[in-house]
Amino acid sequence: MRIYSEQQELTEVICNMCQRHLKVENSIIKEGCCSLEQRFGYFSTKDGIAEKFDLCESCYEKFINQFQIPVEQEEIKEFL
Ligand SMILES: [Zn+2]
């Protein structure tokens, strides 16, 4: 989860799974973090609902290691 100041600056990022506070400096997350926002549409039982969470890198690894099919992985050639 993310906490913002009154000026809408990112001040804290907390892993939803283990509750560890990730390192944030000047509104920038300074370590690996998986941020996911899922917006559910008409064919979902959660139609019109958006859910989001943040995972630290360690919890992200635990999460994806539960998959029956491994995640697809490729080298990032261009950073935006
Ligand atoms: Zn975690």
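The preceding data block contains the structure.
Along each chain, numbering runs from 1 in the same order as the chain's sequence is written. Only residues with pLDDT of at least 70 are given local features in this predicted model, and only at 80 or more are side-chain atom pairs given and counted; all residues enter the totals for whole chains, interfaces and linings. To get the side-chain values, all heavy atoms of the structure are used, and hydrogens and water are removed first.

(A) View of the overall build of the protein. Looking only at helices and strands, one finds one helix and six strands in the protein. For the protein, the N- to C-terminal ordering of α and β elements is β-β-β-β-β-β-α. Dimensions of the protein, computed from the C-alpha atoms along their principal axes, are close to 35 × 35 × 30 Å. Contacts spanning at least 24 positions in sequence make up 26% of the contacts within the protein whose residues lie at least 6 apart. Exposure was quantified through the Shrake-Rupley algorithm and a 1.4 Å probe, taking into account, for residues, occlusion by the shown protein chains and nothing else. Surface exposure of the protein reaches about 7100 Å², of which carbon and sulfur atoms provide 50%. We count Lys and Arg on the positive side and Asp and Glu on the negative side, and we leave His and both chain ends out. Lys charges are placed at NZ, Arg charges at CZ, Asp charges at CG and Glu charges at CD. Here the protein contributes 9 positively and 15 negatively charged side chains, and the mean placements of these two sets differ by 3 Å. Starting at the N terminus, helices and strands are each numbered in turn, a helix being any DSSP run of H or I of at least four residues and a strand any DSSP run of E of at least two. Residue contacts follow a heavy-atom distance rule, with two residues in contact if any of their heavy atoms lie within 4.5 Å.

(B) Examining the coordination of the zinc ion more closely. At 2.2 to 2.4 Å from the zinc ion lie its protein donor atoms, namely Cys-15 (SG), Cys-18 (SG), Cys-56 (SG) and Cys-59 (SG). Around the zinc ion sit four donor atoms, and with donor-metal-donor angles ranging over 103 to 116° the site reads as tetrahedral. Motif for the zinc ion, donor spacing along one chain: C-x2-C-x37-C-x2-C. Of this pair, Cys-18 sits in the loop between strand S2 (10-13) and strand S3 (24-25) while Cys-56 sits in strand S6 (residues 50-56), and the two are 38 residues apart along the sequence. The rule for donors is simple: N, O or S, within 2.8 Å of the metal, or within 3.2 Å if the metal is Na, K or Ca. Water isn't counted, so a site may look like it is missing partners. Geometry is assigned from donor-metal-donor angles: four donors are tetrahedral when every angle falls between 85 and 135 degrees, four are square planar and six octahedral when opposite donors sit over 155 degrees apart with all other angles between 65 and 115, and any other arrangement is irregular.

(C) The arrangement of the packing of aromatic side chains in detail. The pairing test for Phe, Tyr and Trp rings, Trp by its six-membered ring, is centres within 6.5 Å, and the orientation test on the planes gives stacked under 30 degrees, edge-to-face over 60, and tilted for anything in between. The full count for this structure, using the stated rule, is two aromatic pairs. With a centroid separation of 5.3 Å and 85° between ring planes, the pair formed by Tyr-42 and Phe-43 is classed as edge-to-face. The same class applies to Tyr-42 and to Phe-43, which are both exposed. Considering the side-chain rings of Phe-63 and Phe-67, the 5.3 Å spacing of their centres and the 75° angle between planes classify their relative orientation as edge-to-face. Three exposure classes are used, based on accessible area relative to the maximum for each residue type with a 1.4 Å probe and protein chains only: buried under 20%, partly exposed in between, and exposed over 50%. A residue is classified by how much of its surface remains accessible, and Phe-63, at 32% relative accessible area, is partly exposed.

(D) Here's a closer look at the environment of Phe-63. Checked against the element boundaries, Phe-63 lands in helix H1 (residues 57-64). Taking the C-alpha atoms as reference points, Phe-63 and Ile-29, 34 residues apart in sequence, are found 20 Å from one another.

(E) Quick look at the nonpolar core. In these notes, a set of buried Ala, Val, Leu, Ile, Met, Phe, Trp, Tyr and Cys residues joined through side-chain atoms within 4.5 Å is what counts as a nonpolar core. Counting residues in each nonpolar core, the largest one holds eight residues, listed as Leu-10, Val-13, Cys-15, Leu-22, Cys-34, Leu-55, Cys-56 and Cys-59. Elements with a contribution of two residues or more to this core: S2 and S6.

Geometric descriptors of this kind do not, in isolation, establish any biological role.
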